[in-house]
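# Breakdown of the fold
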Amino acid sequence: MAAVLEVVLSCDAGGSLWNCNVWEPRSGTTLTSYRGGNTSARTLCVLGGEYLLGAQLGKNYINVWELQRKDQLQQKIVCPGIVTCLAVSPNGLYVTAGIEESIYLWEVSTGNLLLTLSRHYQELTCIRFTDDSSHFISGGKDNLVMVWNLCSLLQISYARVPEPQHVWSRHTLPVTDIHCGVGGPLSRVATASLDQTVKLWEISCGELLMSVLFDVGIMSVALDPCEYYLFCGGNDGSIFQVNLFTGPVQREKNFQTDKDGSQIFKGHRNQVTCLSVSIDGTLLISGSHDETVRLWDIPSKQCLRTVNHKGPVTNAFLMIASANMFNPDCRPNISLPKFSKHVRSSEITESEEGCAITLCLQHGQKYCIKLPA
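These lines cover the structure that appears in this document, whether it is placed above or below. Predicted model only: the values in this text are computed from it and were never measured.

Criteria and cut-off values
Residues numbered from 1 in each chain as written. Predicted model: local features only at pLDDT ≥ 70, side-chain atom pairs only at ≥ 80, totals over all residues. Heavy atoms only, no water. Helix = DSSP H or I, 4+ residues; strand = E, 2+ residues; numbered from the N terminus. Buried < 20%, exposed > 50% of the residue type's maximum accessible area, 1.4 Å probe, protein only. Contact = heavy atoms within 4.5 Å. Areas by Shrake-Rupley, 256 points an atom, 1.4 Å probe, with all protein chains shown as cover. Pairing = 2+ DSSP bridges. Axes fitted to C-alpha atoms, helices over the stretch in contact; angles between N-to-C directions. Core = buried A, V, L, I, M, F, W, Y, C linked by side-chain atoms within 4.5 Å. Lys, Arg positive; Asp, Glu negative; His and termini not counted. Salt bridge = Lys/Arg side-chain N within 4 Å of Asp/Glu carboxyl O. Polar contact = N/O pair within 3.5 Å; in protein donor to acceptor, adjacent residues only side chain to side chain. Disulfide = S-S within 2.5 Å.

## Concerning the overall build of the protein chain
Scanning the protein chain from N- to C-terminus turns up one helix and 32 strands. Burial analysis of the protein chain (373 residues in total) assigns 53% to the buried set. Considering only residue pairs separated by 6 or more positions, the protein chain has 46% of its internal contacts joining residues 24 or more positions apart. Accessible surface for the protein chain amounts to roughly 16600 Å². Of this, 50% is attributable to carbon and sulfur atoms.

## Observations concerning the sheet that holds strand β11 (residues 113–117)
On the basis of which strands lie adjacent, the open sheet formed by four strands has the order β8-β9-β10-β11 and antiparallel pairing. Two strands close off the open sheet at either side, each with one partner strand: β8 (83–88) and β11. Between one strand axis and the next, the sheet turns through 20 degrees on average, direction left out of account.

## Overview of the nonpolar core
Ranked by internal contacts, the top residues of the largest apolar core, which has 21 residues, are Leu47, Leu53, Ile62, Val83, Leu86, Val95 and Trp106. Excluding residues that lie within four positions of it along the chain, Trp106 makes contacts with Cys79, Leu93, Tyr94, Val95, Ala97, Gly111, Asn112, Leu113, Leu114, Phe339 and Ser340. Counting 17 residues, the second largest nonpolar core, distinct from the first, contains Ala190, Met210, Val242 and Leu244.

## Some points on the side chain of Lys301
For Lys301, the location among the structural elements is in the loop between β27 (292–297) and β28 (302–308). One buried charged residue, Lys301, forms no salt bridge at all, with the nearest opposite charge on Asp297 at 7.5 Å. A distance of 2.8 Å separates a polar atom in the side chain of Lys301 from the backbone oxygen of Ile298.

## Focus: the pattern of salt bridges
Oppositely charged side chains can form a pair if their charged atoms are brought close together. In this structure the tally under the stated criterion is eight salt bridges. A salt bridge links Arg188 to Glu227, with the nearest nitrogen and oxygen atoms 3.0 Å apart. Residue Arg188 is located in strand β17 (residues 188–193), and its partner Glu227 is located in the loop between β20 (218–223) and β21 (229–234); the two are separated by 39 residues in the primary sequence. Look at Glu227 and you get buried, because its relative accessible area is 8%. Of the charged contacts in the structure, one is a salt bridge between Arg251 and Glu207, with a shortest N-O distance of 2.9 Å. Here Arg251, found in the loop between β22 (239–243) and β23 (252–254), pairs with Glu207, found in the loop between β18 (197–202) and β19 (208–213); they are 44 residues apart in sequence, far enough to count as distant. Look at the salt bridges and you will find they share partners, linking Arg42, Arg128 and Asp177 into a network.

## Considering the environment of Lys266
With respect to the helices and strands, the residue Lys266 is situated in the loop between β24 (263–265) and β25 (272–277). Given a relative accessible area of 64%, Lys266 falls into the exposed group. Note: C-alpha distance between Lys266 and Gln302 (36 residues apart in sequence) is 8.8 Å.

## What about the side chain of Ser89?
Topologically, Ser89 is positioned in the loop between β8 and β9 (94–99). Engagement of the side chain of Ser89 in a polar contact is seen with the backbone nitrogen of Leu93, the distance being 3.2 Å.

## A closer look at the sheet that holds β23
In space, the five strands of this open sheet follow the order β16-β17-β18-β19-β23, with mixed pairing throughout. A single partner strand is all that each edge strand has here, and the edge strands are β16 (175–180) and β23. Ignoring which end each strand starts from, the neighbouring axes of this sheet average 15 degrees apart. By the bridge criterion, five bridges tie β16 to β17 in an arrangement that is antiparallel. The partner of Cys180 across the bridge, within β17, is Val189.

## Quick notes on the pairing of β20
Burial runs high along β20: six of the six residues are buried. Note: β20 against β21, five bridges, orientation antiparallel. Looking at β21, one finds that Val221 is bridged to Cys232. The hairpin turn running from β20 into β21, its antiparallel successor, is five residues long, and Glu227 in that turn takes a positive phi close to 60 degrees.

## Looking at the environment of Val307
Its location among the elements puts Val307 in strand β28. Between the C-alpha atom of Val307 and that of Glu291, which follows or precedes it by 16 residues, the distance is 8.7 Å. Look past the residues within four positions of Val307 in its chain and what remains in contact with it is Trp23, Glu291, Thr292 and Val293.

## Things to note about the state of the cysteines
Here is the idea: a disulfide is a covalent bond, and it sits between the sulfur atoms of two cysteines. Applying the stated criterion across every chain, the model contains zero disulfides. The thiol of Cys11 is unpaired, and the distance to the nearest cysteine sulfur, on Cys20, comes to 5.5 Å. Judged by its relative accessible area of 0%, Cys11 falls in the buried class.

## What about the environment of Ser286?
Counting through the fold element by element, Ser286 comes out in strand β26 (residues 283–288). Owing to a relative accessible area of 0%, Ser286 belongs among the buried residues under this scheme. When the C-alpha atoms of Ser286 and Thr273 are compared, they prove to be 7.6 Å apart, with 13 residues separating the residues in sequence.

## Section: unusual backbone geometry
Even without being a glycine, Glu100 presents a positive backbone phi close to 55 degrees. Note on placement: Glu100 falls in the loop between β9 and β10 (102–107). Phi at Ser133 takes a positive value of approximately 70 degrees, unusual for a residue other than glycine. The class for Ser133 is buried, based on a relative accessible area of 4%.

Dropping the structure here:
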């Protein structure tokens, strides 16, 4: 096997043959599969190159597999409610999930639930981390997109409620998908919505860079690695390619076929739920409710391969295969602890002298802070 191997991970709502299938994109060869249950949309994640996570469809738990052990579930993370979206930080340190209108953030090494964020007003639909794990972005049915600074959230402060760095409220219908570009805190973020628009934002200043209007609601969005093109999956099965570097620059524009290099990929018969671009920018993966995953050649707009599934496709993306994915002798460097369902509240007590406070934090640690006289 080559040193670098890009593979496709896909799963569907049927789950009759497997939960997640792993296959080689250019040949279509199935490399392995993970069994047990079925995974809901926007919840399939790889944690630290060692574990595969997927929220069980319609249930309040997350299935966990070791990447090299496919035949059985290794763990179930029980959650306070049904998980509607899930993301893990690229550095493998944190897991965040959308449960109803709240965001739950866990620390992987301890399994502790660090905090819950309740700034959305309706159910969460998608969560994405930036490539450097410094921020994550959440979107929901309340039409809002929020940018969260992870370092700011983790700072101990009992005097304030955690606030997002930005709140983007320019969508008028539920947000359906989010894609983060490269650059960490300087990256651009694309957001898709049922309001028939895709919007491009800049994290650093929170500014709206571009809004593209389509004739149909948009269910999925992706940028190519160089961020020259924006790919948008419609609820009619079309995939729209928007050229971001053709003038004149317009903040708001309507999508027009063949104008400024814009194109349409046609082949799906139902809404396109997921999009992913290969690392070299030549291949596009799309999953649809028509129960197929398609592989497209981006320059020619031709469909190279169609992989049939047994139900509506809920997740499909390209990734670089981890070194231990196909080595049965490998074991994870760390074992996942039991994930807690409740935040451990800190106790603040005043000493009898009235000149100090004792903070009782997690793991039984206590800190005494003397107050000035």
